[in-house]
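Close look at the chain arrangement
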Amino acid sequence: MSLGNNMIGPEACIHLDRLLYNYRTIREHIDGLPIMAVVKANGYGHGAVRVAQALQSEGVHYFAVFTIDEAVELRNAGITEPILIFSRFHPDQLDIAVEYNITVNISIYSDLSILINYFLRTKKAPIFHLKVDTGMTRLGLDIADLNHVFDSIKKHPELECEGIYSHYATADEGDLSYAEYQHMQFEQVLEIVKMHGIDIKYRHFSNSGAVLNLPQSWHNMVRVGMLLYGAFPSEEVPKDLPIRPIMEFRGPIVSVRKVPKGTHVSYGGKYITKNESNIGVIQTGFADGFPRPWYEEGFVAYNGENFPIAGRVCMDQFMVDFGNVAPKEGDNVLFFGESGKNHIPVEQIATTIHSTTYVLLTAVGGRTKRIYIDTI
Ligand SMILES: Cc1ncc(COP(=O)(O)O)c(C=O)c1O
């Protein structure tokens, strides 16, 4: 049989209709509060531009990315809603932040001095949000520095401090005691803000885990990434929010061969067929973001049935044991997501291989072609 025209390799089919459905579902759950949609790392592997365009059309209030380059990419693609960058800014980037109207992050006291000096020199400055460390011990102002920070801000009323926020370390865990501690720390931060008589428009702390677990920390905006993409941040959160996975990761069967019982398959020859079997070669490998460790217990879905991965995943290909089913060359198998009769939750793979949904989704790339579906 010759190869069909559609046998070109891995595809990530992105259901934008499901993205918007997830957005509405989350907003309803958080009583209509504004959402800052986190679209860093190329929209968690889904394509930041298309995801942001769809969410903007639905009325999302804010976007967050990690680097200034990611923010400029969104602006150049017509995103006009506010965009916050999570990374520490470099002084050379302030001109770009002003030009593209990008909100910067003040997470270290000395960065505020840099911003103030920039303002004194140029008479302009980007809007900023203050990030406070309440227990993540990553980027974030020390609570002990906040009095100095607010004294400096009060001396420069021309600067626009639009937000104050913090980030949870354990909001997606079963034991929420550390998250409760962080919540109390942030309450203390808000008391300090009040004491200084400063009016800050946005207070945001919640990520996906806290959307599900910690309603007391929603404040007046929530930052959401993973739930928008239709996956849960961990196995320990309540999973009753009816979101749907927006990515369908799949790849084509490029060859099928019947082999006898006892045939060794793939590198290391560890997989040995137990019976006469149809072995299919799938054109997708770990270089395309397929999770290599999944081969040990993993499977793919085809026509509503699951079939085991046969042997180690290679860089560009892997094999599947279809047993006595003879699949059609050119057909796709589903790796994860939801498609007709096939459904493999990315969460199940993450748990099995001791990884996370964040790692698995952001890894999808290499030669994977993204296809966007925007109708129901
Ligand atoms: C600062 C910050 N806020 C919010 C998020 C969104 O988290 P999630 O995808 O769990 O909603 C992230 C993601 O890592 C983050 O780094």
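Our subject is the structure listed above.
What you are looking at is a predicted structure, and each value in this text was computed from that prediction instead of being measured.

Next up on the list: the sheet that holds strand 9 (residues 222-224). An order of 4-3-2-9 is seen for the four strands of this open sheet, with the pairing classed as parallel. Of all strands in the sheet, those bounded by a partner on one side alone are strand 4 (83-85) and strand 9. Direction aside, the axes of adjacent strands within the sheet are offset by 25° on average. Two strands pair when backbone bridges link them, and strand 3 (residues 62-65) and strand 4 are joined in this way by three bridges, in the parallel orientation. Paired with Val 65 across the bridge in strand 4 is Ile 85. Across the sheet, helix 4 (residues 68-76) touches strand 3 and strand 4, and the angle it forms with strand 4 is around 165°.

The full count for this structure, using the stated rule, is 15 aromatic pairs. Here Tyr 178 and Tyr 181 contribute two aromatic rings whose centre-to-centre distance is 5.4 Å and whose plane-to-plane angle is 35°, an arrangement assigned as tilted. Highlighted residues: Tyr 178 and Tyr 181, both in helix 8 (residues 177-195), separated by three residues, approximately one helical turn. Residue classification places Tyr 178 among the partly exposed residues on the basis of a relative accessible area of 35%. Given the relative accessible area of 41%, Tyr 181 is considered partly exposed. Residue placement shows Lys 131 over the ring face of Phe 86; its charged tip is 5.7 Å from the ring centre.

Conventions used here
- Residues numbered from 1 in each chain as written.
- Predicted model: local features only at pLDDT ≥ 70, side-chain atom pairs only at ≥ 80, totals over all residues.
- Heavy atoms only, no water.
- Pairing = 2+ DSSP bridges.
- Helix = DSSP H or I, 4+ residues; strand = E, 2+ residues; numbered from the N terminus.
- Axes fitted to C-alpha atoms, helices over the stretch in contact; angles between N-to-C directions.
- Contact = heavy atoms within 4.5 Å.
- Phe/Tyr/Trp six-rings, centres within 6.5 Å; stacked < 30°, edge-to-face > 60°.
- Buried < 20%, exposed > 50% of the residue type's maximum accessible area, 1.4 Å probe, protein only.
- Lys NZ or Arg CZ within 6 Å of the ring centre and 35° of its normal.

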